[in-house]
Amino acid sequence: MHLNSDFSQRVVIRPEEYGFVPSPLSGVSRMMLDRVGDEVARATSIVRYEPGAGYSGHVHEGGEEIFVLSGTFSDEHGDYPAGSYLRNPPGSAHTPYSADGCTILVKLWQFASTDAEFVEVSTRDMRFVPGLVEGLSVLPLHEHDGVNTALVRWAPNTQFTPHTHPGGEEILVLEGCFYDEHGEYPKGTWIRSPRYSQHTPFTRDEGALIYVKVGHLGANLLGDNL
């Protein structure tokens, strides 16, 4: 399967365009955002667990990155409420489930071969630090070899400077509404901008909270070999 697999193209998916499809496991459905491959795939998805749903134990040969959007995601290692950020490196194994249901952002096969660190961050317990312009604050989640992931909070009516993303940029809007000269992006919008893309982002009266990953497009990742 190839879905939004031309990484030189800009992609915007708004929540009204979501179409969840059943996974091979009962009670788990997914909105595929991009995908290269079938069940073993370099993939970015929003995955929804119904209460009591879960997977059997399995290994993530290409690694798995998770951000919990709502509810509580669990495995044998712990419970992860909304706002949790997890990285299970290549070769790791677990048995995931959700007792009460949850929705998560999942990225598969998007690790560097040298990235072997387990990461568990409860963003509710961490403090944002000032960003590059007034009104911007940042909560770093992970960095490895030029690939950075963070939460970025935009106060109302914040204006950023024009800038370029040499390694591309991926955004999921978690709260409020995010803007740039190309359009407006309400809560739930996913944006993938290609390498060397440029924009001048800003917010209006509602502000925004966004999940951001930069530097990963064109990086040497395990999924490039699928």
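Remember, predicted model here, so these are calculated numbers, not experimental data. (Residues numbered from 1 in each chain as written. Predicted model: local features only at pLDDT ≥ 70, side-chain atom pairs only at ≥ 80, totals over all residues. Heavy atoms only, no water.)

Visitor: Which residues make up unusual backbone geometry, and what are the values?
Guide: Positive phi values are uncommon outside glycine, yet Trp 109 reaches one of about 60°. Among the secondary structure elements, Trp 109 is positioned in the loop between strand S11 (102-108) and strand S12 (119-122). Given the relative accessible area of 19%, Trp 109 is considered buried. Here the phi dihedral of Tyr 196 falls at roughly 65°; this positive angle occurs in a residue that is not glycine. For Tyr 196, the location among the structural elements is in the loop between strand S19 (190-193) and strand S20 (197-199). (Helix = DSSP H or I, 4+ residues; strand = E, 2+ residues; numbered from the N terminus. Buried < 20%, exposed > 50% of the residue type's maximum accessible area, 1.4 Å probe, protein only.)

Visitor: Give a detailed account of the pattern of salt bridges, specifying residues and quantitative values.
Guide: All told, the structure shown has 8 salt bridges when counted by the stated rule. Among the salt bridges present, the one from Arg 10 reaches Asp 180, with a minimum N-O distance of 3.8 Å. Here Arg 10, found in the loop between strand S1 (2-3) and strand S2 (11-13), pairs with Asp 180, found in strand S17 (residues 169-180); they are 170 residues apart in sequence, far enough to count as distant. On the accessibility criterion, Arg 10 (36% relative accessible area) is partly exposed. Two residues, Arg 192 and Asp 34, come together in a salt bridge whose shortest N-O distance is 3.0 Å. Highlighted residues: Arg 192 in strand S19 and Asp 34 in strand S4 (residues 28-37), separated in sequence by 158 residues. For Arg 192, a relative accessible area of 0% gives the class buried. (Salt bridge = Lys/Arg side-chain N within 4 Å of Asp/Glu carboxyl O.)

Visitor: Break down the nonpolar core for me, with residues and values.
Guide: Counting 19 residues, the largest nonpolar core has Leu 151 and Tyr 211 as the members making the most contacts within it. Put simply, the parts of the chain that give this core at least two residues each are S2, S4, S12, strand S14 (136-144), S17 and strand S21 (208-214). When near neighbours in sequence (up to four residues on either side) are disregarded, Leu 151 contacts Phe 67, Thr 123, Phe 128, Ser 137, Val 138, Leu 139, Leu 141, Leu 174, Leu 209, Ile 210 and Tyr 211. (Core = buried A, V, L, I, M, F, W, Y, C linked by side-chain atoms within 4.5 Å. Contact = heavy atoms within 4.5 Å.)

Visitor: With reference to specific residues and values, describe the packing of aromatic side chains.
Guide: This model, assessed by the stated rule, comprises 9 aromatic pairs. A ring pair is formed by Phe 67 and Tyr 211, whose centres lie 5.5 Å apart and whose planes are at 45°; its orientation type is tilted. Here Tyr 211 lies in strand S21 and Phe 67 lies in strand S7 (residues 64-75), a separation of 144 residues in the sequence. Looking at Phe 67, the relative accessible area reads 5%, which means it is buried. On the numbers, 5.4 Å between centres and 15° between planes, the contact of Tyr 179 with Phe 202 is stacked. Taken together, the residues Tyr 179 in strand S17 and Phe 202 in the loop between S20 and S21 connect sequence positions 23 residues apart. In this structure, Tyr 179 and Phe 202 share a single accessibility class: buried. Members of the aromatic cluster, each reached through a chain of ring pairs, are Tyr 49, Tyr 55, Phe 73 and Tyr 80. (Phe/Tyr/Trp six-rings, centres within 6.5 Å; stacked < 30°, edge-to-face > 60°.)

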